Amino acid sequence: ELKVEQNPLFLSMQEGKNYTIYCNYSTTSDRLYWYRQDPGKSLESLFVLLSNGAVKQEGRLMASLDTKARLSTLHITAAVHDLSATYFCAVDPGGSQGNLIFGKGTKLSVKP
Amino acid sequence: DTGVSQNPRHKITKRGQNVTFRCDPISEHNRLYWYRQTLGQGPEFLTYFQNEAQLEKSRLLSDRFSAERPKGSFSTLEIQRTEQGDSAMYLCASSPNHFRQGRVGTEAFFGQGTRLTVV
């Protein structure tokens, strides 16, 4: 059974600081997704990582994928309050199926 | 609005009643997915459709759950004889086909969800 583990599950950080969220998964996959969810809202797609070594950046967020280590990271640079949300990684185990397996999410709180 | 639309947004029902949710995907998307999310957890896959064909169902989808996509456009998810454990957010998502040869990735776009409370 494919497992997707995120850590930490809760992260409280101050504005201006840097931090990394980790996503480990237990089986081979070459597709990994990061989503953001605000309280009471749906999921917003952030990044799609399709190959080993893929790196994507958008604003203060940068995501990378190491398929050999079965690890993806989401790095936050100089955090701001607007980044407060829950971040999910999701793995596509079937390749072309699209039924994603999600981690439990990392609840990020950025304090002034 | 060209995003994924779900109705209703909230539903409160008594235990034992039947409920039906609707999802309208992004118009050009062939694939449609249903997920369930409980508090503090990530979404869990329930089922998905390629056009009108239901191609996969999770073990989470008990006999009380049925999903349809009759014309390959909108979809409905019905829960019969609801139980308190069915209380959750039900999320619908859609995506175009994946094209592996071209390595073009296509992610799923999610709707706002239907929050079900069974009392």
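Just above sits the structure.
Every value quoted in this text rests on a predicted model; they were computed, and no experiment measured them. (Residues numbered from 1 in each chain as written. Chains lettered and ligands numbered in written order. Predicted model: local features only at pLDDT ≥ 70, side-chain atom pairs only at ≥ 80, totals over all residues. Heavy atoms only, no water.)

Chemist: Explain the overall build of chain B to me, and be specific about the residues and the numbers.
Modeler: Of regular secondary structure, chain B possesses 0 helices and 11 strands. In chain B, the succession of α and β elements from N to C terminus is β-β-β-β-β-β-β-β-β-β-β. Relative to the compact-globule value of 14 Å for 119 residues, chain B shows a C-alpha radius of gyration of 14 Å, a close match. Along the longest, intermediate and shortest principal axes, the C-alpha atoms of chain B span 50 × 25 × 25 Å. Residues counted as buried form 45% of the 119 residues belonging to chain B. In chain B, 56% of the contacts between residues at least 6 apart in sequence involve partners at least 24 apart. (Helix = DSSP H or I, 4+ residues; strand = E, 2+ residues; numbered from the N terminus. Rg over C-alpha atoms; globule rule 2.2 N^0.38 Å. Buried < 20%, exposed > 50% of the residue type's maximum accessible area, 1.4 Å probe, protein only. Contact = heavy atoms within 4.5 Å.)

Chemist: Help me get a handle on the packing of aromatic side chains, residues and values and all.
Modeler: Under the counting rule described, the total for this entry stands at 12 aromatic pairs over all chains. Taken together, a centroid distance of 6.5 Å and an interplanar angle of 45° make the contact between tyrosine 33 of chain B and tyrosine 35 of chain B tilted. On the basis of relative accessibility, which here comes to 1%, the residue tyrosine 33 of chain B falls in the buried class. Joined through ring pairs, the aromatic side chains of Tyr35, Phe88 and Phe102 of chain A together with Tyr33, Tyr35, Phe45, Tyr48 and Phe110 of chain B make up one cluster. Across the ring face of phenylalanine 74 of chain B, the terminal group of arginine 22 of chain B is positioned such that the distance to the ring centre comes to 3.9 Å. (Phe/Tyr/Trp six-rings, centres within 6.5 Å; stacked < 30°, edge-to-face > 60°. Lys NZ or Arg CZ within 6 Å of the ring centre and 35° of its normal.)

Chemist: Can you lay out the nonpolar core for me, pointing to particular residues and giving the numbers?
Modeler: With 25 residues, the main nonpolar core has Leu32, Trp34, Leu74, Ile76, Tyr87 and Leu108 of chain A as its most contacted residues. For this core, the elements supplying multiple residues, two or more each, are β2 (10-14), β3 (19-25), β4 (32-37), β5 (43-49), β7 (61-66), β8 (71-76), β9 (85-91) and β11 (106-111) of chain A. When near neighbours in sequence (up to four residues on either side) are disregarded, leucine 108 of chain A contacts Leu11, Met13, Ile76, Leu83, Ser84, Ala85 and Tyr87 of chain A. Core analysis: the next-biggest nonpolar cluster, separate from the first, contains 19 residues, Cys23, Leu46, Leu77 and Ala88 of chain B among them. (Core = buried A, V, L, I, M, F, W, Y, C linked by side-chain atoms within 4.5 Å.)

Chemist: Kindly report on the pattern of salt bridges, identifying the contributing residues and their values.
Modeler: Residue and element names in this part refer to chain B. On inspection of all chains with the given rule, the structure shows 4 salt bridges over all chains. Between arginine 22 and aspartate 24 there is a salt bridge, and its shortest N-O distance comes to 2.7 Å. Notably, a salt bridge pairs arginine 64 with aspartate 86, separated by 2.8 Å at the nearest N-O pair. Linking arginine 64 in the loop between β6 (53-57) and β7 (65-68) with aspartate 86 in the loop between β8 (75-79) and β9 (88-95), this pair joins segments that are 22 residues apart in sequence. Here arginine 64 falls in the buried class, since its relative accessible area comes to 11%. (Salt bridge = Lys/Arg side-chain N within 4 Å of Asp/Glu carboxyl O.)

Chemist: Give a detailed account of the pairing of β9 of chain A, specifying residues and quantitative values.
Modeler: All names here are of chain A. Among the 7 residues that make up β9, 7 are buried, leaving the element largely enclosed by the rest of the structure. Alternating positions in β9 separate into two faces, Ala85, Tyr87, Cys89 and Val91 on one and Thr86, Phe88 and Ala90 on the other, with burial throughout. Of the strand pairs in this sheet, β4 and β9 are connected by 6 bridges, and their pairing is antiparallel. In the sheet register, tryptophan 34 faces β9, and the bridge partner there is cysteine 89. (Pairing = 2+ DSSP bridges.)

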